[in-house]
Amino acid sequence: MAFISAQEVANGPLISLDKTTHDYGTITQGGNGACEFTVTNTGSEPLIIYSCKGSCGCTVPKCPTEPVLPGETAKIKVKYDTNRLGKFTKSVTVTSNAGASVKTVKITGNVIATAPEQSPE
């Protein structure tokens, strides 16, 4: 029977995220739809993020292209198209070389129409 020590289990890259959901709250149409998720490599080998894929064309993620060294952090930037009105919940699938190779993060919010400009009388 083989025993695996905790040290051996921690070998290799491990992906840790600062949050799993970003809530924009209520934002106005055409407002800033950018947010970030911080990735930390809590493992012992370089973390390589192969891809970040948005659940639709309105959600555009940008992943780090350089390996994330053990103990280091990197940012996954996500841009949501705020020209679409209404409530939304979208996801970004992050694929890496970590033990749990696929992680999913979500963005939520509600886009409301901008108020019409008042003409001076």
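Residues numbered from 1 in each chain as written. Predicted model: local features only at pLDDT ≥ 70, side-chain atom pairs only at ≥ 80, totals over all residues. Heavy atoms only, no water.

Draft legend 1. Fine view of the state of the cysteines. Applying the stated criterion across every chain yields a total of 2 disulfides. The disulfide that involves Cys 52 links it to Cys 63, with 1.3 Å between the sulfurs. Separated by 11 residues along the polypeptide, Cys 52 in strand β4 (residues 49-54) and Cys 63 in the loop between β5 (59-62) and β6 (73-80) bring together distant segments of the chain. You can call Cys 52 buried: its relative accessible area is 17%. Paired through a disulfide, Cys 56 and Cys 58 show a sulfur-sulfur distance of 2.3 Å. (Disulfide = S-S within 2.5 Å. Helix = DSSP H or I, 4+ residues; strand = E, 2+ residues; numbered from the N terminus. Buried < 20%, exposed > 50% of the residue type's maximum accessible area, 1.4 Å probe, protein only.)

Draft legend 2. Expanded view of the pattern of salt bridges. The full count for this structure, using the stated rule, is 1 salt bridge. Notably, a salt bridge pairs Asp 81 with Arg 84, separated by 3.7 Å at the nearest N-O pair. By relative accessible area, which is 30% here, Asp 81 ends up partly exposed. Looking at Arg 84, the relative accessible area reads 46%, which means it is partly exposed. (Salt bridge = Lys/Arg side-chain N within 4 Å of Asp/Glu carboxyl O.)

Draft legend 3. Representation of the environment of Thr 65. For Thr 65, the position within the fold is in the loop between β5 and β6. Overall, the relative accessible area of 73% leaves Thr 65 in the exposed class.

Draft legend 4. Quick peek at the environment of Ser 91. Positionally, Ser 91 belongs in strand β7 (residues 86-96). Separated by 35 residues in the primary sequence, Ser 91 and Cys 56 place their C-alpha atoms 8.4 Å from one another. Beyond its immediate chain neighbours, meaning those up to four positions away, Ser 91 contacts Lys 53, Gly 54, Ser 55, Thr 59, Thr 104, Val 105 and Lys 106. (Contact = heavy atoms within 4.5 Å.)

Draft legend 5. View of the packing of aromatic side chains. Counted by the stated rule, this structure contains 2 aromatic pairs. Each ring, one from Tyr 24 and one from Phe 88, has its centre 5.8 Å from the other, and the planes form 55°; the classification is tilted. Here Phe 88 lies in strand β7 and Tyr 24 lies in strand β2 (residues 21-28), a separation of 64 residues in the sequence. Taking relative accessible area as the criterion, Tyr 24 reaches 12% and is therefore assigned buried. According to the relative accessible area criterion, Phe 88 is buried, its value standing at 5%. Measuring from centroid to centroid gives 3.9 Å for Tyr 80 and Phe 88, while their planes differ by 15°, and the two rings are stacked. For the pair shown, Tyr 80 and Phe 88 are each scored as buried. Above the face of the Phe 37 ring, Lys 19 is positioned so that its terminal group lies 5.3 Å from the ring centre. (Phe/Tyr/Trp six-rings, centres within 6.5 Å; stacked < 30°, edge-to-face > 60°. Lys NZ or Arg CZ within 6 Å of the ring centre and 35° of its normal.)

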